[in-house]
Amino acid sequence: MIFRYKIADIVFDADIRYKYTYNIMKDYLVDDEPARFSIVITDEDIANERKLSPNDLSDASYESIAVYRKYIYEVLDKYDAFFFHCSSIEVGGKAIMFTAKSGTGKSTHRNLWLKNFGDKVKVINDDKPIIRKIDGVFYVYGTPWQGKEGMGTNTRVPADTLCFLSRSEKNYIGPISTSEIVAKALNQTVRPKQPELMGKLLDLFDEFLQQVKCYDLRVNMDDEAAIVAYNEIVKE
Amino acid sequence: MKVKEGFLLRSFGDEYIVVAVGEGSEDFNKLITLNSVGGFIFKELSEDISRDELVKKIVDYYEIDRQLAERDCDSFIEKLKDAELLEGC
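Residues numbered from 1 in each chain as written. Chains lettered and ligands numbered in written order. Predicted model: local features only at pLDDT ≥ 70, side-chain atom pairs only at ≥ 80, totals over all residues. Heavy atoms only, no water.

Draft legend 1. View of the nonpolar core. Residues A:Phe82, A:Phe84, A:Met97, A:Leu162, A:Phe205 and A:Phe208 are the most contacted members of the largest nonpolar core, which totals 35 residues. Among the elements of the structure, strand 6 (94-99), strand 9 (137-141), strand 10 (156-167), helix 5 (178-186) and helix 6 (195-211) of chain A together with strand 3 (15-20) of chain B are those that each provide at least two residues to this core. Here the element with the most residues in this core is helix 6 of chain A; it accounts for 8 residues. Excluding residues within four positions of it along the chain, A:Phe208 makes contact with A:Phe82, A:Met97, A:Ile131, A:Phe138, A:Ala159 and A:Leu162. Ranked by size, the runner-up nonpolar core spans 28 residues in total, among them A:Ile16, A:Ile41, A:Ile46 and A:Tyr141. (Core = buried A, V, L, I, M, F, W, Y, C linked by side-chain atoms within 4.5 Å. Buried < 20%, exposed > 50% of the residue type's maximum accessible area, 1.4 Å probe, protein only. Helix = DSSP H or I, 4+ residues; strand = E, 2+ residues; numbered from the N terminus. Contact = heavy atoms within 4.5 Å.)

Draft legend 2. Layout of the pairing of strand 6 of chain A. All names here are of chain A. Counting buried positions along strand 6 yields 5 of 6 residues, so the element is predominantly enclosed. Of the strand pairs in this sheet, strand 5 (residues 87-91) and strand 6 are connected by 5 bridges, and their pairing is antiparallel. Its bridge partner lying in strand 6, Val-91 is registered against Lys-94. With antiparallel pairing between neighbouring strands as the criterion, strand 5 and strand 6 make up a hairpin whose turn holds 2 residues, including Gly-92 at a positive phi of roughly 55°. (Pairing = 2+ DSSP bridges.)

Draft legend 3. Spotlight on the sheet that holds strand 1 (residues 2-7) of chain A. Residue and element names in this part refer to chain A. The strand order 1-2-3 describes an open sheet built from 3 strands, whose pairing is mixed. Both edges of this open sheet fall to strand 1 and strand 3 (37-40), since each of them pairs with a single strand only. Neighbour-to-neighbour, the strand axes of this sheet turn through a mean angle of 30°, independent of strand direction. Direction of pairing for strand 1 relative to strand 2 (residues 10-15): antiparallel, over a ladder of 6 bridges. Looking across to strand 2, one finds that Ile-7 is bridged to Ile-10. Packing of helix 3 (residues 59-79) onto the sheet brings it into contact with strand 1, strand 2 and strand 3, and relative to strand 3 it is tilted by some 155°. (Axes fitted to C-alpha atoms, helices over the stretch in contact; angles between N-to-C directions.)

Draft legend 4. Highlighting helix 4 (residues 106-117) of chain A. Residue and element names in this part refer to chain A. A rise of 1.5 Å per residue sets the reference length of helix 4, with its 12 residues, at 16 Å; its end C-alpha atoms lie 16 Å apart and thus fit the reference within 8%. Taken together, the buried positions of helix 4 are Lys-106, His-109, Arg-110, Leu-112, Trp-113 and Phe-117. Along the long axis of helix 4, the arc covered by the buried residues comes to 150°, so they all point the same way. (Expected span 1.5 Å × (residues − 1). Arc of directions from axis to C-beta.)

Draft legend 5. Expanded view of the domain arrangement of chain A. All names here are of chain A. Each domain of chain A was delimited in the assignment, giving domain 1 (2-79) and domain 2 (82-233). Computed over C-alpha atoms, the centres of domain 1 and domain 2 are 23 Å apart. With 19 residues of domain 1 at the interface, the matching set in domain 2 holds 24 residues. Sorting the residues of domain 1 by area buried against domain 2 places Tyr-28, Tyr-68 and Leu-76 first, and these three jointly supply 38% of that buried surface. Inspection of the region where domain 1 meets domain 2 yields 1 salt bridge. The shortest N-O distance in the salt bridge between Asp-9 and Arg-156 comes to 3.8 Å. Among the secondary structure elements, those contributing two or more residues to the side of domain 1 that touches domain 2 are helix 1 (19-25) and helix 3. The element contributing the most residues to the side of domain 1 that touches domain 2 is helix 3, with 11 residues. Taken together, the residues of the side of domain 1 that touches domain 2 sort by class into 14 nonpolar, 1 polar and 4 charged. (Domains from an automatic or database assignment. Buried area = accessible area lost by both parts, 1.4 Å probe. Salt bridge = Lys/Arg side-chain N within 4 Å of Asp/Glu carboxyl O. Nonpolar A, V, L, I, M, F, W, Y, C, P; charged D, E, K, R; others polar.)

Draft legend 6. Geometry of the environment of B:Ala20. Mapped onto the elements of the fold, B:Ala20 is located in strand 3. For the pair B:Ala20 and B:Leu85, spaced 65 residues apart in the sequence, the C-alpha separation amounts to 10 Å.

Draft legend 7. Seen up close, unusual backbone geometry. Phi angles above zero are rare outside glycine, and A:Asp80 is one such case at about 55°. In this structure, A:Asp80 sits in the loop between helix 3 and strand 4 (81-83). Although it is not a glycine, B:Glu63 sits at a positive phi angle of roughly 50°. The residue B:Glu63 is located in the loop between helix 2 (51-62) and helix 3 (66-82) in this model. What makes B:Glu63 exposed here is its relative accessible area of 71%.

Draft legend 8. Fine view of the interface of chain A and chain B. The partner chain B presents 17 residues to the 15 residues of chain A that form the contact. Taken together, both faces of the contact between chain A and chain B bury some 1,400 Å²; the carbon and sulfur share is 67%. Among the residues of chain A in contact with chain B, A:Arg191, A:Lys193 and A:Leu202 are the three that bury the most area, contributing 38% of the side total. Counting the contacts that link chain A with chain B gives 2 salt bridges. Close ionic contact of B:Arg10 with A:Asp206 constitutes a salt bridge, the shortest N to O distance being 3.2 Å. Taken together, the links from chain A to chain B amount to 3 residue pairs in polar contact (both at pLDDT 80 or more). Of all the secondary structure elements, the ones that give two or more residues to the side of chain A that touches chain B are helix 5 and helix 6 of chain A. (Polar contact = N/O pair within 3.5 Å; in protein donor to acceptor, adjacent residues only side chain to side chain.)

Now the structure itself:
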């Protein structure tokens, strides 16, 4: 069946068949705005996701990932929007992103922020937000793909801070050099095969990484980890 | 020798990044980071060029002595060869 969605302020139609996909996307349904493009998920798309995936998930899960993949290819070129693998929160109207490869503990660290500063923190998206540039400003958008704990909000918040997260016994936050962040950041997105699209993505990333404040954040799993990070990032 | 088709060089501040595009990106999904000399040599290698011509270009551009340019150039070419990014060498 075909449904109409708005993600990152971009309206599109998606032809999907699984209830699972419908359910995770239902906060993003719209009906009164014109669609910019259409996505159709085929058996081949689902098989392709299964091939790419390190896990053995249901066809329904793969359908929902296939929607995301098709969406991000559509929006990169025309809408200056891209996928960035991170856990993102809003504090005082600004978006703070924690990025790292899977299994490092992005959600665990985000949880410490909620535990210690819960009244000030809102989760934008815990796994796969969209970053979009509008009139020169980068925004972090919530999406239906919210990670294992399903935390997120249909919202947009100006991108402010990007933390490159790693595990460590002692908590530490400090500056990080361009040479370190570019490769790390580019490993946390899907890189298109077409040279023109790749060029476009690199241009956007260059601007994005210059606009946000970047930190090297090394954390353990104690409350102090969030406090050390908060004191540097939020209290200025 | 020259760099194979399907690699894109892009500068980020003083650093350069090389990414694979097209069909090659399925086999090569790593990123290569280069400093400014590496970026300079990589750019020159987008067209067919000999090792000696390359050394001369480095000497002219960076105004360094030939010995140093040869050393930098050779070690960089070795790295590109190891990563199987060069053809015609």
